Amino acid sequence: MHDLFSDREIQIEMKRLKENKMSYRWLGFVLLVLTTLALIAVNLCMGSVKIPVDQVWQILVNAGKDMPAAEVLTDVGISGTSQAIIRQIRLPRTLAAAFLGGALALSGYLLQTFFQNPIAGPFVLGISSGAKLAVALTLVGILQMGIKSSSVLLIAAAFVGALFAMGFVLLFARHIYQSAMLIVSGVMIGYVCSAVTDFVVTFADDSNIVNLHNWSQGSFSGITWDNVKVITVLVVVTYIGIIFLAKPIGACQLGEAYAASVGVNMRVFRAVLVFLASLLAATVTAYAGPISFVGIAVPQLIRSMFRTAKPLVMIPACFLGGAVFCLLSDLIARTVFAPVELSISSVTALFGAPVVIWVMMRRRRNG
Amino acid sequence: MHQEETYFFRIEQLTVGYQNVPVVRDVDVSLAQGEILTLIGGNGAGKSTILKSIMGQLAPLSGVVYLEKNSIHKMSAEKRAQDMAVMLTDRVKGDYMTCRDVVSMGRYPYTGTLGILSPADREKVRQTMELVGIAGLADQAFTTLSDGQKQLTMLARALCQEPKLMILDEPTSYLDMRYKLELLTILQRMAREEKLTVIMSLHELELAQRVSDKIMCIKGGKVERLGTAEEIFQGNYIAELYDLRTGSYDGAECRPELPRTEGEPKVFVIAGGGSGAPVYRRLQRQGIPFATGILQKNDMDYPVAEKLAVRVVCVDAFAEIDETAEQEALEVMHGCDSVICALERFAALNAANQRLAECAGINIGGGR
């Protein structure tokens, strides 16, 4: 009798724990969404010209309407400059930071799954740098031929570069089984690509290439609405694709051999994973240059925040986490030493690198 | 031909290896449903290679593996996963996964596009964890489990797949005795009650002998022997299978012994009925060469004496200890520095040994 009772007690306790875990997850998501929205708002308001929240709101609400709206706004005392800043500069930049940040975090999450390595990411594996090199070569090439560059062309170049770098990493991975050496080879590929990019940028004589230098350091500045459209489409489509990979990604948590034993076609799965991760990293690099550490740090932070590795939680959470991370980093890059703008990578490294160290120390402790 | 079709599982002329280099050739075996087949053989003999080829992780160089008349290598991945589950030697990390999460992975072949578990799946996971005896660990982080608990979790994961055939590569390595026995007990129960067919490799020969219906011995790139435990664990075969260069292995008892100390016997042990074995082993540990007697060949001390003593004075099984043997024992005993009598009493049929003891000045009351 006593045993029965305590058994039931245990069951109730377990159920309570489980429900707690579920509500804990919902709380996590609500927190991430709210933070994302708050950061978008702050990003829109802050900058060399401070624009109050209510004005920003007015501008956004009336954004759909054309000329008359502008007059309406001017009548309420919102200057045309403010409108232009919000509409043409800050809004596309903020949206791009959110989407590209999410894309980077997801890319890192996919690569960590692929290599079964907690510190894999598009930047450490040299994929971002490969994309950067390809974009730089393309830009210099077409600038010299006098052709106007297009979004699609840049993304295509970045994608080819990313796949190239990924190919090298995979080649090394086949011969190197130690995960530490895999990272080292990725970092080396990254250095080589960056060095070549520097050569190209330094010796290209066109004055337009001065812009390239800023871009190659990583920055969200200069993003246009056209860019945002392409980014949104690419990232959303890839995101949906990744959601449909959630099942095999989950199976891979126990290692490839077990995944294969429950029916995952590893060859197809690996190919799709590499394709999607490279596409995401390439999209980011084509518009914002190589951005370090978001890909490693965000999935780690999200995992320990949600205390789970379930892909269906991880995928949306990583996306939101990446958005938060990049929005915050971009805000800092733009405002701390305004009007001087920091490179986004300096800021992400400052916050991201400690996370990587923390992850490695914790793994060592766990054996 | 028709007889073959009654087999549940069958391997025909399977040659396995890497990059066209065969490791083991021409494996043939048939199993009925619910049978347990164990692969034994030295390190690097190719047991894992065979298992990997059966489970489809390695393409066989030639030959076919049939499960219910279907070739395993031609089945769809999903069908294969529903019929066959595996347990590998790979260490599983399982970061941020609970014990239940890991077990749930076994439901993969039954879930939909997004892999979300149905209530029926959850119930199956719960039942399996209960069956394996890890229900209490359900919400514990996988990384915090002991090696034994982890292995039982992986077993539950595999059983959750509701397989008809289970393949396990050295499932008991790294486990302590409790978990070794628990794991094999569950497998045996599943084989008997659920007609689960099991193919595994084991290094623990004594366990292989106890649990297996059939044993396959791999050596020198081929199946050297295939048979029941009684057929395999006979005579000196195990020592041959493992190419023992030192010490010896008693097949029937699954008992390894370290090599005997050679030299002129310094101690004579009067023994019999199991009293001698501990004395023999102590003398071996101390590096003292010894002789022993007088034993009948069916005496339980005899197999140990044969492996450890420099000289064994013995008579045939169930034979009376005769004059010749007694005389021989006396001579050997006189050549020794000391005599140990392991026997505590002498029964009527052991008079010769009593006379030996008395001769050495040891006086123990007899049973007469």
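If you're wondering where the values come from, they're calculated on a predicted model, not measured in any experiment.

Calculation rules
Residues numbered from 1 in each chain as written. Chains lettered and ligands numbered in written order. Predicted model: local features only at pLDDT ≥ 70, side-chain atom pairs only at ≥ 80, totals over all residues. Heavy atoms only, no water. Helix = DSSP H or I, 4+ residues; strand = E, 2+ residues; numbered from the N terminus. Buried < 20%, exposed > 50% of the residue type's maximum accessible area, 1.4 Å probe, protein only. Contact = heavy atoms within 4.5 Å. Areas by Shrake-Rupley, 256 points an atom, 1.4 Å probe, with all protein chains shown as cover. Lys, Arg positive; Asp, Glu negative; His and termini not counted. Charge placed at Lys NZ, Arg CZ, Asp CG, Glu CD. Domains from an automatic or database assignment. Salt bridge = Lys/Arg side-chain N within 4 Å of Asp/Glu carboxyl O. Buried area = accessible area lost by both parts, 1.4 Å probe. Polar contact = N/O pair within 3.5 Å; in protein donor to acceptor, adjacent residues only side chain to side chain. Nonpolar A, V, L, I, M, F, W, Y, C, P; charged D, E, K, R; others polar. Pairing = 2+ DSSP bridges. Axes fitted to C-alpha atoms, helices over the stretch in contact; angles between N-to-C directions. Core = buried A, V, L, I, M, F, W, Y, C linked by side-chain atoms within 4.5 Å. Parallel < 35°, antiparallel > 145°, perpendicular 65-115°, else oblique. Left-handed = near helix turned anticlockwise from the far one by under 90°. Right-handed = clockwise from strand over helix to strand, strands pointing away. Phe/Tyr/Trp six-rings, centres within 6.5 Å; stacked < 30°, edge-to-face > 60°.

### Observations regarding the overall build of chain B
Stage number 1. For chain B, the helix and strand inventory stands at 13 helices and 16 strands.
Stage number 2. Dimensions of chain B, computed from C-alpha atoms along their principal axes, come out at roughly 85 × 50 × 35 Å.
Stage number 3. A buried classification covers 50% of the 368 residues belonging to chain B.
Stage number 4. Here the contacts in chain B between residues at least 6 apart in sequence split such that 63% fall between residues at least 24 apart.
Stage number 5. With an accessible surface of roughly 17,400 Å², chain B has 48% of that area assigned to carbon and sulfur atoms.
Stage number 6. If you average the places of the 41 positive and of the 50 negative side-chain charges in chain B, the two averages end up 5 Å apart.

### Remarks on the domain arrangement of chain B
Bring the parts together and some accessible area is lost; that lost area is often taken as the interface size.
Stage number 1. As assigned here, chain B comprises domain 1 (4-250) and domain 2 (267-359).
Stage number 2. Summarising the inter-unit geometry, the C-alpha centres of domain 1 of chain B and domain 2 of chain B are found 45 Å apart.

### Thoughts on the side chain of T197 of chain B
Stage number 1. By secondary structure assignment, the location of T197 of chain B is in strand β8 (residues 197-201).
Stage number 2. Dropping the residues within four chain positions of it, T197 of chain B is found in contact with F8, L31, A32, Q33, G34, E35, K164, L165 and M166 of chain B.

### Some words on the pattern of salt bridges
Stage number 1. Counted under the stated rule, the structure contains 27 salt bridges over all chains.
Stage number 2. Between K219 of chain B and D243 of chain B there is a salt bridge, with its nearest N and O atoms 3.1 Å apart. Placement of the pair is K219 of chain B in strand β9 (residues 214-219) and D243 of chain B in the loop between α9 (237-241) and β11 (248-250), with a sequence separation of 24 residues.
Stage number 3. A salt bridge links D250 of chain B to R255 of chain B; the shortest N-O distance between them is 3.4 Å.
Stage number 4. Linked through salt bridges whose partners overlap, the residues forming this network are R93, D330, R334 and E341 of chain A.

### Thoughts on the interface of chain A and chain B
Stage number 1. Facing the 28 residues of chain A at the interface are 31 residues of chain B.
Stage number 2. Both faces considered, chain A and chain B share a buried interface measuring about 2,600 Å² in area, 59% of it formed by carbon and sulfur atoms.
Stage number 3. Summed over the shared surface of chain A and chain B, the number is one salt bridge.
Stage number 4. For K310 of chain A, the salt bridge identified is with D101 of chain B, shortest N-O distance 3.0 Å.
Stage number 5. Our count for the contact surface shared by chain A and chain B stands at eight residue pairs in polar contact (both at pLDDT 80 or more).
Stage number 6. Counting residues per element, the ones that place at least two in the side of chain A that touches chain B are α1 (2-45), α10 (246-251), α11 (256-261), α13 (294-306) and α15 (344-366) of chain A.
Stage number 7. Residue classes in the side of chain A that touches chain B are distributed as 13 nonpolar, seven polar and eight charged.

### Observations concerning the sheet that holds strand β16 (residues 338-341) of chain B
Residue and element names in this part refer to chain B.
Stage number 1. Judged by pairing direction, the sheet is parallel, and its four strands sit side by side in the order β15-β14-β13-β16 without closing on themselves. Among the strands making up the open sheet, the edge pair consists of β15 (311-315) and β16. The sheet shows a mean angle of 20 degrees between the axes of neighbouring strands, direction not considered.
Stage number 2. As paired elements, strand β13 (residues 267-270) and strand β14 (residues 290-296) share four bridges and run parallel to each other. Within β14, the position partnered with F268 by the bridge is A291.
Stage number 3. Along the sheet, helix α12 (residues 323-334) contacts β13, β14, β15 and β16; its crossing angle with β15, the most-contacted strand, is approximately 165 degrees.

### Section: the nonpolar core
Stage number 1. Within the largest apolar cluster, 100 residues are counted, with the highest numbers of intra-cluster contacts made by F115 and L125 of chain A.
Stage number 2. The element contributing the most residues to this core is helix α4 (residues 80-115) of chain A, with 16 residues.
Stage number 3. Apart from the residues lying within four places of it in its own chain, the contact partners of F115 of chain A are A120, L125, M166, V169, L170, A173 and L182 of chain A.
Stage number 4. Among the nonpolar cores identified, the runner-up in size contains 85 residues, and M84, Y179, M216 and C217 of chain B belong to it.

### Comments concerning the environment of W358 of chain A
All names here are of chain A.
Stage number 1. Residue position: W358 is located in helix α15.
Stage number 2. Accessibility expressed as a relative area gives 35% for W358, which makes it partly exposed.
Stage number 3. For the pair W358 and I51, spaced 307 residues apart in the sequence, the C-alpha separation amounts to 38 Å.
Stage number 4. Leave out the neighbours within four places in its chain, and W358 touches L301 and S304.

### Quick look at the packing of α4 of chain A against helix α6 (residues 151-175) of chain A
Two numbers describe a pair of packed helices, the interaxial angle and the distance between the axes.
All names here are of chain A.
Stage number 1. In the contact formed by α4 and α6, the axes pass within 13 Å of each other and the chain directions differ by 20 degrees. When the axis of α4 is compared with that of α6, the two are roughly parallel. Every pair of crossing elements has a handedness; the one defined by α4 and α6 is right-handed. Of the residues in α6, those touching α4 at L111, F114 and F115 are M166, V169, L170 and A173.

### Re the side chain of E257 of chain B
Residues and elements named next belong to chain B.
Stage number 1. Positionally, E257 belongs in strand β12 (residues 255-257).
Stage number 2. Polar side-chain contacts of E257 include one of 2.6 Å to the side chain of R281.
Stage number 3. Excluding anything up to four places from it in sequence, E257 contacts G247, S248, R281, V304, K307 and L308.

### A closer look at the pairing of strand β4 (residues 62-67) of chain B
Residues and elements named next belong to chain B.
Stage number 1. Taken together, the five bridges between strand β1 (residues 9-18) and β4 define a ladder with antiparallel strand orientation. Note that in β4 the partner of I11 across the bridge is V65.
Stage number 2. Of the strand pairs in this sheet, β4 and strand β5 (residues 70-71) are connected by two bridges, and their pairing is antiparallel. Considered in β5, the bridge of Y66 is made with S71.
Stage number 3. Once β4 ends, the chain turns through two residues before running back antiparallel as β5, passing E68 with a positive phi of about 50 degrees.

### Examining the pairing of β14 of chain B
On any regular strand, side chains alternate: one points to one face of the sheet, the next to the other face.
Residues and elements named next belong to chain B.
Stage number 1. When you tally the buried positions in β14, you get six out of seven residues, the bulk of the element.
Stage number 2. In this view, the connection linking β13 to its parallel neighbour β14 by way of helix α10 (residues 276-286) has right-handed handedness.
Stage number 3. Of the strand pairs in this sheet, β14 and β15 are connected by four bridges, and their pairing is parallel. Among the inter-strand pairings, A291 is bridged to a residue of β15, identified as R311.
Stage number 4. Chirality of the crossover, the property in question, places the unit of β14, helix α11 (residues 302-308) and β15 among those that are right-handed.

### Examining the packing of aromatic side chains
Stage number 1. Considering all chains together, one arrives at eight aromatic pairs over all chains under this definition.
Stage number 2. On the basis of an interplanar angle of 65 degrees and a centroid distance of 6.2 Å, the ring pair of F99 of chain A and F319 of chain A is categorised as edge-to-face. One end of the pair, F99 of chain A, is in helix α4; the other, F319 of chain A, is in helix α14 (residues 311-335), and 220 residues separate them in sequence.
Stage number 3. For the pair Y280 of chain B and F290 of chain B, a centre-to-centre distance of 5.3 Å together with 15 degrees between the ring planes defines the contact as stacked. Linking Y280 of chain B in helix α10 with F290 of chain B in strand β14, this pair joins segments that are 10 residues apart in sequence.
Stage number 4. On the accessibility criterion, Y280 of chain B (0% relative accessible area) is buried.

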